[in-house]
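# Coordinate inspection notes
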Amino acid sequence: MKPAPFAYVAATSVQHAIEALAAAGGDGKIIAGGQSLMPMLNFRLVRPSVLVDINRIPGLDRIEDTGKMLRIGALVRHRLTASDPLIAHHVPVLHEAMNHVAHHTVRNRGTFCGSLCHADPAAEMPMMALLLDAVVEITGPAGTRHLPVREFLVASLTTDLAPDELVTAVEIAKPAPGTGWGFAEFARRHGDYALACVAALVESRDGAACNVRIAAMGIGDTALRLSAAEAALEGSGFSDEEITRAVSALRDEIEPMSDLSGSADYRRHLAGELARNVLGEAWRRAAPEVPA
Amino acid sequence: MTDTGTVAITVSVNGVAHTREVEPRLLLSDFLRHKLGLTGTHVGCEHGVCGACTVLLDGYSARSCLTLAVQVDGCTIETVESQGTQDALGPIQAAFRDHHALQCGYCTPGFIMTVADLLEHHPLENDEDIREALSGNICRCTGYQNIVAAVRELAKARGPLT
Ligand SMILES: Cc1cc2nc3c(=O)[nH]c(=O)nc-3n(C[C@H](O)[C@H](O)[C@H](O)COP(=O)(O)OP(=O)(O)OC[C@H]3O[C@@H](n4cnc5c(N)ncnc54)[C@H](O)[C@@H]3O)c2cc1C
Ligand code: FES
Ligand code: FES
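Residues numbered from 1 in each chain as written. Chains lettered and ligands numbered in written order. Predicted model: local features only at pLDDT ≥ 70, side-chain atom pairs only at ≥ 80, totals over all residues. Heavy atoms only, no water.

### Details of the overall build of chain A
Per the secondary structure count, chain A includes 12 helices and 14 strands. The C-alpha radius of gyration of chain A comes to 20 Å, within 12% of the 19 Å expected for a compact globule of 292 residues. Principal-axis analysis of the C-alpha atoms gives chain A an extent of 60 × 50 × 35 Å. Across the 292 residues that make up chain A, the buried fraction comes to 57%. For chain A, the share of sequence-separated contacts (at least 6 apart) that also reach a separation of at least 24 residues comes to 60%. Carbon and sulfur atoms provide 53% of the accessible area of chain A, an area that totals close to 12100 Å². Across chain A, 27 positive and 35 negative side-chain charges occur, with their mean positions spaced 6 Å apart. (Helix = DSSP H or I, 4+ residues; strand = E, 2+ residues; numbered from the N terminus. Rg over C-alpha atoms; globule rule 2.2 N^0.38 Å. Buried < 20%, exposed > 50% of the residue type's maximum accessible area, 1.4 Å probe, protein only. Contact = heavy atoms within 4.5 Å. Areas by Shrake-Rupley, 256 points an atom, 1.4 Å probe, with all protein chains shown as cover. Lys, Arg positive; Asp, Glu negative; His and termini not counted. Charge placed at Lys NZ, Arg CZ, Asp CG, Glu CD.)

Structure follows, in structure tokens:
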């Protein structure tokens, strides 16, 4: 229950962190909030030779409005994401989701970008980033690249990040004004990892749904966008029958696993019922477009 | 190539500056208990789940089992020992005693330090709010009822957050 020995570098800049990772020759690890990495170090599930601490790099702890986008820096803690007025105003669905992440003390340390990098299939942030078509800003020896989160998240606990790269920010395009949203999750205890979680966004154009986005987690190896259910609702009027059709499309397209907390059938059922509620909620919130 | 040798750190703990040589892998919880002899901070799970090891790091609650001692070089730490003594209990400790909010006491230092943060930063408007705010700390004895009662009284005495 104690970490194996490692060397420690307190990086003072992004460049410094990249150099320290490069010097570690593939055996370095970034530590941000430490709320997922430290348990793994304590259990010796990971044994890096060098730990590169990014907590003292200035300028990474901000949420910025860049016009069309909100930019969440690598040291933005859950506490800030959950309380930030820009997020609450422009992306209320994310504001709501953050209330379900972990507990007060863990939120003081854990970071949004760290959660994306950890890529836990039961974590809210990767799922919300997928829902919002977020773009990950990655910096490495060759410079900075931008990758859609869909491509960044590869599998459970696996991302596209190279050993000498770090995530410096994630960018979220502000949903169009009037976008309806819904979010629901089921956990045994508030703040625990959820058994299943569904979130949705929808715009209404003359009463017809467009830009339907549905994401879920707890029902597969990674968080997922549910494209069959999205397609079933695109252009629809979100009637009860149309929602029911989308819910069965959703149940057909997921492959949940059985575990101690619930059988595959139970999770499939749960995800469908959460989706039914979330979709209804999102549609009620979708304001009809005001003609200019 | 890599040097896993010790690093000198200086940390303010409960208002006293301490300088020590530490291995990078030393947990803050073990630093407090083994290097400084401050055994008030308890260790339950060492993976962030139980909350027994909670301390204040620059004024905000943090799991000391998920923090490395090297990371807090130059920082301010407060542990349960900052809250009062046996003869002169601090207000949070007194409220816990008055409400019988502890039995074996193993979880108590973590609850006390969590509550120290909550009283500074959390609205604690009603019992549901209080229960949610305490949901990261596990107690196997009390059934939580009396802990909630103690926090309710402390929140009332504090008044709304300004
Ligand atoms: C008791 C408890 C309950 C929790 N409950 C929940 C929950 O309900 N929902 C939830 O979503 N999460 C939960 N978490 C996890 C928490 O949200 C973590 O904070 C988060 O998963 C990881 O963020 P971090 O900043 O702590 O990352 P770290 O632990 O520091 O790092 C995690 C991984 O990402 C890598 N990494 C971190 N930042 C970067 C970066 N900028 N660039 C490259 N690599 C990076 C690290 O090398 C490591 O592999 C819980 C944690 C605990 C301890
Ligand atoms: S010992 Fe740190 S949370 Fe349990
Ligand atoms: S008083 Fe015994 S664990 Fe809480």
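### Describing the domain arrangement of chain B
All names here are of chain B. Domain annotation for chain B reports domain 1 (7-81) and domain 2 (83-158). Placing a centre on the C-alpha atoms of domain 1 and another on those of domain 2 gives a separation of 21 Å. Listed by partner, the interface residues are 19 residues for domain 1 and 16 residues for domain 2. For the pair domain 1 and domain 2, the summed buried surface comes to about 1300 Å²; carbon and sulfur atoms form 54% of the total. For the pair domain 1 and domain 2, the number of links is zero salt bridges. On inspection of domain 1 and its partner domain 2, the count reaches eight residue pairs in polar contact (both at pLDDT 80 or more). Where the side of domain 1 that touches domain 2 is concerned, the elements lending two or more residues are strand 3 (54-57) and strand 4 (60-63). Along the lines of polarity and charge, the residues of the side of domain 1 that touches domain 2 split into eight nonpolar, eight polar and three charged. (Domains from an automatic or database assignment. Buried area = accessible area lost by both parts, 1.4 Å probe. Salt bridge = Lys/Arg side-chain N within 4 Å of Asp/Glu carboxyl O. Polar contact = N/O pair within 3.5 Å; in protein donor to acceptor, adjacent residues only side chain to side chain. Nonpolar A, V, L, I, M, F, W, Y, C, P; charged D, E, K, R; others polar.)

### Let's talk about the sheet that holds strand 11 (residues 180-186) of chain A
All names here are of chain A. Spatially, 11-12-13-14 is the arrangement adopted by the four strands of the open sheet, whose pairing is antiparallel. Only two strands of the sheet have a single partner each, and these edge strands are strand 11 and strand 14 (224-225). Running over the sheet, helix 12 (residues 264-285) touches strand 11, strand 12 (196-205) and strand 13 (208-217) and is turned about 155° from strand 11. (Pairing = 2+ DSSP bridges. Axes fitted to C-alpha atoms, helices over the stretch in contact; angles between N-to-C directions.)

### A look at the interface of chain B and chain A
Listed as interface residues are 35 residues of chain B and, on the opposing side, 35 residues of chain A. Buried surface at the junction of chain B and chain A, both sides included, amounts to about 2800 Å², of which 55% is carbon and sulfur. The three residues of chain B that bury the most area against chain A are R25, L66 and Q71 of chain B, which together make up 23% of that side's buried surface. Applying the counting criterion to the chain B and chain A interface returns three salt bridges.

### Comments concerning the domain arrangement of chain A
Residue and element names in this part refer to chain A. Entries for chain A in the domain assignment read domain 1 (7-53), domain 2 (63-173) and domain 3 (182-286). Taking the mean C-alpha position of each, domain 2 and domain 3 sit 21 Å from one another. With 24 residues of domain 2 at the contact, the number on the domain 3 side is 26 residues. Buried surface at the junction of domain 2 and domain 3, summed over both partners, amounts to about 1900 Å²; 64% is from carbon and sulfur atoms. Considering only the side of domain 2, the residues that lose the most area to domain 3 are H100, M127 and L131, jointly responsible for 31% of the buried surface there. Where domain 2 touches domain 3, the interface holds two salt bridges. Across the salt bridge formed by R213 and D133, the nearest N and O atoms sit 3.0 Å from each other. At the boundary of domain 2 and domain 3, one finds five residue pairs in polar contact (both at pLDDT 80 or more). When residues of the side of domain 2 that touches domain 3 are traced back to their parent elements, those giving at least two are helix 5 (92-98), helix 8 (124-131) and strand 8 (153-155). No other element matches the six residues that helix 8 contributes to the side of domain 2 that touches domain 3.

### Observations concerning helix 8 of chain A
All names here are of chain A. Counting buried positions over the eight residues of helix 8 gives eight, a clear majority of the element. E124, M125, P126, M127, M128, A129, L130 and L131 are the residues of helix 8 that are buried. Just beyond helix 8, the residue with positive phi is D133, at close to 50°.

### Brief notes about the packing of aromatic side chains
For any pair of aromatic rings, the description consists of the separation of the ring centres together with the inter-plane angle of the planes. In total, this model carries two aromatic pairs over all chains according to the counting rule given. A centroid spacing of 4.6 Å and a plane angle of 10° characterise the contact between F238 of chain A and W283 of chain A, whose relative ring orientation is stacked. Of this pair, F238 of chain A sits in the loop between helix 10 (227-233) and helix 11 (240-253) while W283 of chain A sits in helix 12, and the two are 45 residues apart along the sequence. When sorted by exposure, F238 of chain A lands in the same class as W283 of chain A, which is buried. The interplanar angle of 55° and the centroid separation of 6.5 Å between the aromatic rings of F111 of chain B and Y144 of chain B together place this pair among those described as tilted. A residue pair is termed long-range when its members are at least 10 positions apart, and F111 of chain B in helix 3 (residues 108-121) and Y144 of chain B in the loop between helix 4 (127-133) and helix 5 (145-158) qualify at 33 residues. (Phe/Tyr/Trp six-rings, centres within 6.5 Å; stacked < 30°, edge-to-face > 60°.)

### Points about the site of ligand 1
Inspection of the region around ligand 1 gives 33 residues, with I30, G34, L37, T111 and E124 of chain A positioned closest. Site remark: ligand 1 is flanked by residues from chains A and B. The contact in question runs from an oxygen atom of ligand 1 to an N or O atom on the backbone of Q35 of chain A, over 2.8 Å. Between ligand 1 and the protein, one listed contact pairs an oxygen atom with a backbone N or O atom of A102 of chain A at 3.1 Å. Calculation on ligand 1 without its partners gives an accessible area of 970 Å², and the protein chains cover 95% of this total. No other element matches the four residues that helix 7 (residues 112-118) of chain A contributes to the shell around ligand 1. Its residues assigned to classes, the shell around ligand 1 shows 17 nonpolar, 13 polar and three charged. (Near = heavy atom within 4 Å.)

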